[in-house]
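Chain and residue survey
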Amino acid sequence: LKFRKVHANMATMDAEQARRDLDQARQSYTDSVHPRLPQWAPPVCAVLVGAAIALAGAGPTTGWLKLVTVIGGILCALAAAWVILRIRARQGLTGLRGPAREKWRTVGICCIAIVVSALASSPNTRWIYAGLGVVVAAYAWVSLQRQVRRDG
Amino acid sequence: MSAFLSGCDEAEFRAVQDYCSVSASNLSKNVAALEELGYVLVRKGHVGKIPRTWLSLTNEGRKALANHLAALQQIADTAARHA
């Protein structure tokens, strides 16, 4: 019985150690993928992302103006992505691997879908895009705020 | 360290050192050991005139890490089943 107890204790200790190591590995991966952001980054990126959607869906009636707003929207979205990647690069990390890369790919596909639908937008539907921009900006701000470094 | 490197293509030596909170010599020893196993690739270069070292996990290293994590998961799962 004593041997079984000791054996059970060892098994528990091993399992606890394994769980701790797994948690540490997951945390390290997350820390590698998500850079610690300065205070200014979440609001700036949120505004850029919101502006990107609102601008892309502005839907002016003039053809060339529509093209300009859509391109402006794309540039705003690219600027938001650039800010995050640049901060990460300055921290000495380049490239993404694993699930994070898939996540960025999904975000990219969503951006393409928004651009395609924005091409068909009209002055009547611009409020939908403006509302969507506000919602996505708020979501981006809250998500990125979690990555703000505590040490200032 | 390997898990940290698994999230990126390359990481600067200093970034890994800061994250792991270890001395440069300690990290160098660990990196050398992993490099010998073929798990980590070390690239040296310059940014302007400043010498820099970049570390990356090789495909072998990624496989080894995945296997190690799978083994840990198995231990945790087995213990959970018997609890």
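**What to know about the overall build of chain B**
- What chain B contains, in helices and strands, is 4 helices and 3 strands.
- Counting from the amino terminus, chain B carries its helices and strands in the arrangement α-β-α-α-β-β-α.
- Compactness check: chain B gives a C-alpha radius of gyration of 15 Å against a globular reference of 12 Å for 83 residues, more than 25% above the reference.
- Oriented by its inertia axes, the alpha-carbon framework of chain B measures out at about 60 × 25 × 20 Å.
- With 83 residues in all, chain B has 35% of them scored as buried.

**Comments concerning unusual backbone geometry**
- The phi dihedral of Ser 21 of chain B is positive, around 50°, even though this residue is not glycine.
- Residue position: Ser 21 of chain B is located in the loop between helix 2 (13-20) and helix 3 (24-37).

**Here's the deal with the confidence of the model for chain A**
- Considering every residue of chain A, the mean pLDDT works out to 86; 89% of them sit at 70 or more.
- The least confident element of chain A, judged by mean pLDDT, is helix 1 (residues 2-33) of chain A at 75; the most confident is helix 2 (residues 41-56) of chain A at 94.

**What about the nonpolar core?**
- Ranked by internal contacts, the top residues of the largest apolar core, which has 14 residues, are Leu 5, Ala 11, Val 16, Val 40 and Leu 55 of chain B.
- Elements with a minimum of two residues in this core: helix 1 (2-5), helix 2, helix 3 and strand 3 (50-57) of chain B.
- A total of 3 residues in this core trace back to one element, the largest contributor, which is helix 3 of chain B.
- Counting residues in hydrophobic clusters, the runner-up holds 7 residues, among them Cys 45, Val 83, Ile 87 and Leu 144 of chain A.

**Overview of the pattern of salt bridges**
All names here are of chain B.
- Summed over all chains, the structure comprises 7 salt bridges over all chains.
- In this structure, Arg 43 and Glu 10 form a salt bridge, with 2.7 Å as the shortest nitrogen-oxygen distance. Highlighted residues: Arg 43 in strand 2 (residues 40-47) and Glu 10 in strand 1 (residues 10-12), separated in sequence by 33 residues.
- Residue Arg 43 is classed as partly exposed on the basis of its relative accessible area, which comes to 39%.

**Remarks on the interface of chain B and chain A**
- With 18 residues of chain B at the interface, the matching set in chain A holds 24 residues.
- At the boundary of chain B with chain A, total buried surface from both sides reaches about 1,700 Å², with 58% on carbon and sulfur atoms.
- Inspection of the chain B/chain A interface yields 2 salt bridges.
- Broken down by class, the residue content of the side of chain B that touches chain A amounts to 11 nonpolar, 3 polar and 4 charged.

**Focus on helix 3 of chain B**
All names here are of chain B.
- For helix 3, with 14 residues, the first-to-last C-alpha span of 20 Å sits near the 20 Å given by 1.5 Å per residue.
- For helix 3, the complete set of buried residues consists of Leu 27, Val 31 and Leu 34. Buried residues in helix 3, looked at end-on, bunch into an arc of 65°, giving them a common side. In helix 3, the exposed positions angled more than 90 degrees off the buried face are occupied by Lys 29 and Glu 36.

**Side note on the packing of aromatic side chains**
Residues and elements named next belong to chain B.
- In the structure shown here, the tally under the stated rule is 1 aromatic pair over all chains.
- Ring geometry for Phe 4 against Tyr 19: centres 4.3 Å apart, planes inclined by 10°, an arrangement best described as stacked. Of the two residues, Phe 4 is situated in helix 1 and Tyr 19 in helix 2; the sequence distance between them amounts to 15 residues.
- Sitting over the ring of Trp 54, Arg 43 keeps its end group 4.3 Å from the ring centre.

The rules behind each value
Residues numbered from 1 in each chain as written. Chains lettered and ligands numbered in written order. Predicted model: local features only at pLDDT ≥ 70, side-chain atom pairs only at ≥ 80, totals over all residues. Heavy atoms only, no water. Helix = DSSP H or I, 4+ residues; strand = E, 2+ residues; numbered from the N terminus. Rg over C-alpha atoms; globule rule 2.2 N^0.38 Å. Buried < 20%, exposed > 50% of the residue type's maximum accessible area, 1.4 Å probe, protein only. pLDDT = per-residue confidence, 0-100. Core = buried A, V, L, I, M, F, W, Y, C linked by side-chain atoms within 4.5 Å. Salt bridge = Lys/Arg side-chain N within 4 Å of Asp/Glu carboxyl O. Contact = heavy atoms within 4.5 Å. Buried area = accessible area lost by both parts, 1.4 Å probe. Nonpolar A, V, L, I, M, F, W, Y, C, P; charged D, E, K, R; others polar. Expected span 1.5 Å × (residues − 1). Arc of directions from axis to C-beta. Phe/Tyr/Trp six-rings, centres within 6.5 Å; stacked < 30°, edge-to-face > 60°. Lys NZ or Arg CZ within 6 Å of the ring centre and 35° of its normal.

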